Amino acid sequence: MPSMNEFGNNLYSGKTSFPFVGKRRLWFIIAIALVVGSALVPLIRPIQFSIEFTGGSQFTVQAPDSVEQDTATTAVQSVVPGAATKVVVVNGTDIRVQTDQMSAAETQEVGEALATAYGVEPSAVTSSFIGPAWGENVTKQSLWGLAIFLALTFLILAIYFRTWKMSAAAIIGLLDVLVITVGVYALAGFEISPAAVIGFLTILAYSLYDTTVVFDKIRENTTEDGEKSARLFGESVNLAVNQTLVRSINTSVVAALPVGAVLFIGAFWLGAESLTDISLSIFVGILVATYSTLFVAAPLYSLFRENEPQLKARDARIREARSKASVEV
């Protein structure tokens, strides 16, 4: 069995090659299935938005003797019958209750009911509320941030690589990452909060970095080929992806390990709920971004370019030369 160094050398020289471009139809079918599946997840399990987006009232009961969640629901509904409540345990010691927005009088009564139900002093129950206008503003700002990010990404990549086709392939890869990550997020039942949005933008930046490194190698290989190259355009693209494969895997592992530690140890094991939103989005995004660069963005760029008249004619000459060589042998 070859060592990792030998494996990496074989990938770089082309002795070992994974058919990222050759089997792109299969990868595209898988990608479409993942995107469609992720888009359908909210229909089965609706996306949950945090109070910062929806608006509402929030109560925190500090260090009660019991962290039974049903107690909070009963207390709230004793004051406001039928009120929608969401109760979570924070850091394993506190109770956080989120409801629809309430009046000042209802807020005071609910605070007192929670204090009585959990056997704590009224001062141990804090309350706050976020109006619907503020939540709507946060939503608009998040969408504007995403739109500006994608627009600048397309423009900068088009200038850097001197072709809009690389920009288009990269943007499609970024959208693929975003849709699948949000789908996994919804499937896990996690709230989309401002921290999660920051996580989404972070993994888009990571995906862009990974894609840029791979595309830079693709540009280097395809530029060096020239008219006398013995490789088809798709083969040059595939070689570039294989040459950067070990780097992509190593970078993803190094990035995913500390984020995974924060997610599984900090959030799930130690109960640090504040870390869950951003760590889950980044952890899933890192894995999806690596897959998307290798199996979506790079093969898609090859597909965009192969039908250009000059490249199509060159590839036809190469195929004809190979055909003649095989007949002579």
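The residue numbering used here restarts from 1 in each chain and proceeds along that chain's sequence as written. In keeping with the predicted nature of the model, local features appear solely for residues at pLDDT of at least 70, side-chain atom pairs appear and are counted solely at 80 or more, and the whole-chain, interface and lining totals rest on all residues. In computing side-chain properties, one takes all heavy atoms of the structure into account and sets aside hydrogens as well as water.

A.B. asks: I'm lost on the pattern of salt bridges in this one. Help?
C.D. replies: Here the idea is simple: oppositely charged side chains can pair when their charged atoms come close. Throughout this description, the term salt bridge denotes a Lys or Arg side-chain nitrogen within 4 Å of a carboxyl oxygen of Asp or Glu. According to the stated counting rule, one finds seven salt bridges in the structure shown. Notably, a salt bridge pairs E220 with K217, separated by 3.1 Å at the nearest N-O pair. Taken as a pair, E220 and K217 lie in helix α8 (residues 194-225) at a separation of three residues, close to a single helical turn. Only protein chains enter the accessibility calculation, which uses a 1.4 Å probe; a residue whose area is less than 20% of its type maximum is buried, one above 50% is exposed, and one in between is partly exposed. Among the residues examined, K217 registers a relative accessible area of 10% and is labelled buried. For D315, the salt bridge identified is with R314, shortest N-O distance 4.0 Å. A relative accessible area of 4% places D315 in the buried class. Judged by relative accessible area, which is 5%, R314 ranks as buried. Salt bridges here are not isolated pairs; linked through shared partners, they connect K165, R305 and E308. Here a strand is any run of E in DSSP of at least two residues, a helix any run of H or I of at least four, and the numbering for each starts at the N terminus.

A.B. asks: Can you help me understand the packing of helix α4 (residues 69-79) against helix α5 (residues 104-118) in this one?
C.D. replies: The axes of two packed helices give the description: the angle between them and the distance between them. Only the stretch in contact is used when a helix axis is fitted, and all axes are lines through C-alpha atoms; the angle between N-to-C directions ranges over 0 to 180 degrees. The N-to-C vectors of α4 and α5 enclose an angle of 140°; their axes lie 9 Å apart at closest approach. Considering their axes alone, α4 and α5 lie oblique with respect to each other. You can see that α4 and α5 cross each other, and the crossing is right-handed. Packed against α4, whose contacting residues are Q69, T71, A72, A75, V76, S78 and V79, the element α5 presents E106, E109, V110, A113, L114, A117 and Y118 at the interface. Any residue outside Ala, Val, Leu, Ile, Met, Phe, Trp, Tyr, Cys, Pro, Asp, Glu, Lys and Arg is labelled polar, Gly included; the first ten of those are nonpolar and the last four are charged. Taken together, the residues of the contact of α4 with α5 break down into nine nonpolar, three polar and two charged. Here is the rule for angles: anything less than 35 degrees is roughly parallel, anything more than 145 is roughly antiparallel, 65 through 115 is roughly perpendicular, and the remaining ranges are oblique. Should the near helix be turned anticlockwise from the far one by less than a right angle, the crossing is left-handed, and should it be turned clockwise, the crossing is right-handed. Any pair of residues with heavy atoms lying within 4.5 Å of one another is described as a contacting pair.

A.B. asks: Got a minute to help me understand the sheet that holds strand β2 (residues 56-61) in this structure?
C.D. replies: Whenever strands of a sheet pair, they do so through backbone hydrogen bonds, lying parallel or antiparallel. Strand pairing is assigned whenever DSSP identifies at least 2 bridges connecting the two strands. In spatial order, the strands read β3-β4-β2-β5; together these four strands make up an open sheet with antiparallel pairing. Of all strands in the sheet, those with a lone pairing partner are β3 (85-90) and β5 (125-130), marking the two edges. Each strand axis lies, on average, 20° off the axis of its neighbour in the sheet, ignoring direction. Direction of pairing for β3 relative to strand β4 (residues 94-99): antiparallel, over a ladder of six bridges. Considered in β4, the bridge of V88 is made with R96. Set on the sheet, α4 makes contact with β3 and β4; between it and β3 the angle comes to about 145°. Its contacts with the sheet place α5 against β2, β4 and β5, and it is angled at close to 30° to β2.

A.B. asks: Honestly, the packing of aromatic side chains in this entry has me stumped. Any pointers?
C.D. replies: We describe a pair of aromatic rings using the distance from one ring centre to the other and the angle between the two ring planes. Pairs were defined over the aromatic rings of Phe, Tyr and Trp, the Trp ring being its six-membered one, requiring ring centres within 6.5 Å. Orientation was assigned from the angle between planes: stacked under 30 degrees, edge-to-face over 60, tilted for the rest. Throughout the structure, instances matching the rule amount to 11 aromatic pairs. Ring centres 4.9 Å apart and planes at 75° place the aromatic pair W27 and F295 in the edge-to-face group. In this pair, W27 sits in helix α2 (residues 24-44) while F295 sits in helix α11 (residues 273-306), placing the two residues 268 residues apart along the sequence. Put simply, the rings of F18, F20, W27, Y291 and F295 touch in pairs and so form one group of aromatic residues. R219 extends its terminal NZ or CZ atom over the ring of Y160, reaching a point 4.8 Å from the ring centre. Geometrically, a lysine NZ or arginine CZ counts as sitting over a ring once it is within 6 Å of the ring centre and also within 35 degrees of the ring normal.

A.B. asks: I would appreciate a short explanation of helix α7 (residues 164-187) in the present structure.
C.D. replies: Since one α-helical turn is 3.6 residues long, residues separated by three or four positions face the same way. In this analysis, the expected span of each helix is defined as 1.5 Å times one less than the number of residues it contains. In this model α7 runs 34 Å from its N-terminal to its C-terminal C-alpha over 24 residues, within 8% of the 34 Å that 1.5 Å per residue would give. With respect to burial, α7 is a largely interior element, 18 of its 24 residues being buried. The term polar contact refers here to a pair of N or O atoms within 3.5 Å; inside protein, the definition further demands a hydrogen-donor-capable atom paired with an acceptor-capable atom, and it admits residues adjacent in sequence only when both atoms are side-chain atoms. Its side-chain oxygen 3.2 Å from the backbone nitrogen of K165, T163 forms the N-cap of α7. Directly after α7, the chain includes G189, whose backbone phi takes a positive value near 80°.

A.B. asks: Is there a simple way to explain a nonpolar patch on the surface in this structure?
C.D. replies: Together, W144, I148, L152, L155, I156 and I159 make up an exposed nonpolar region whose accessible area comes to about 650 Å². Along the chain, W144 turns up in helix α6 (residues 132-161). For W144, a relative accessible area of 56% gives the class exposed. Here, patches come from residues exposed beyond 30% relative accessible area and free of salt bridges, joined within 9 Å for like charges and within 5 Å for nonpolar side chains (Val, Leu, Ile, Met, Phe, Trp, Tyr). Note on areas: Shrake-Rupley, 1.4 Å probe, and residue coverage restricted to the protein chains presented here.

A.B. asks: When you look at the nonpolar core in this model, what are you seeing that I'm missing?
C.D. replies: Soluble, globular proteins show a tendency: their nonpolar side chains are buried together. The set of buried Ala, Val, Leu, Ile, Met, Phe, Trp, Tyr and Cys residues whose side-chain atoms join them within 4.5 Å is what this entry labels a nonpolar core. Ranked by size, the top nonpolar core spans 56 residues in total, and within it I192, F215 and I218 carry the most contacts. At 14 residues, the largest contribution of residues to this core is made by α11. In this structure F215 touches F161, M166, A169, A170, A297, A298 and Y301, once residues within four positions along its chain are discounted. Core analysis: the second largest hydrophobic core is formed by 19 residues, A75, A113, Y118 and V125 among them.

A.B. asks: What is the right way to read the side chain of T290 from this model?
C.D. replies: Looking at where T290 falls in the secondary structure, it is placed in helix α11. Its relative accessible area of 10% is what places T290 among the buried residues. Not counting residues up to four positions away in its chain, the partners in contact with T290 are Y206, D210, S248 and S252.

A.B. asks: Explain α5 here, please?
C.D. replies: Helix length check: α5, at 15 residues, gives a terminal C-alpha distance of 21 Å against a target of 21 Å (1.5 Å per residue), a fit within 8%. All buried positions along α5 are accounted for by T107, V110, G111, A113, L114, A115 and Y118. Summarising the contacts, the buried residues of α5 are in contact with β2, α4, β4 and β5. G119 sits one or two residues past α5 and shows a positive phi near 65°.

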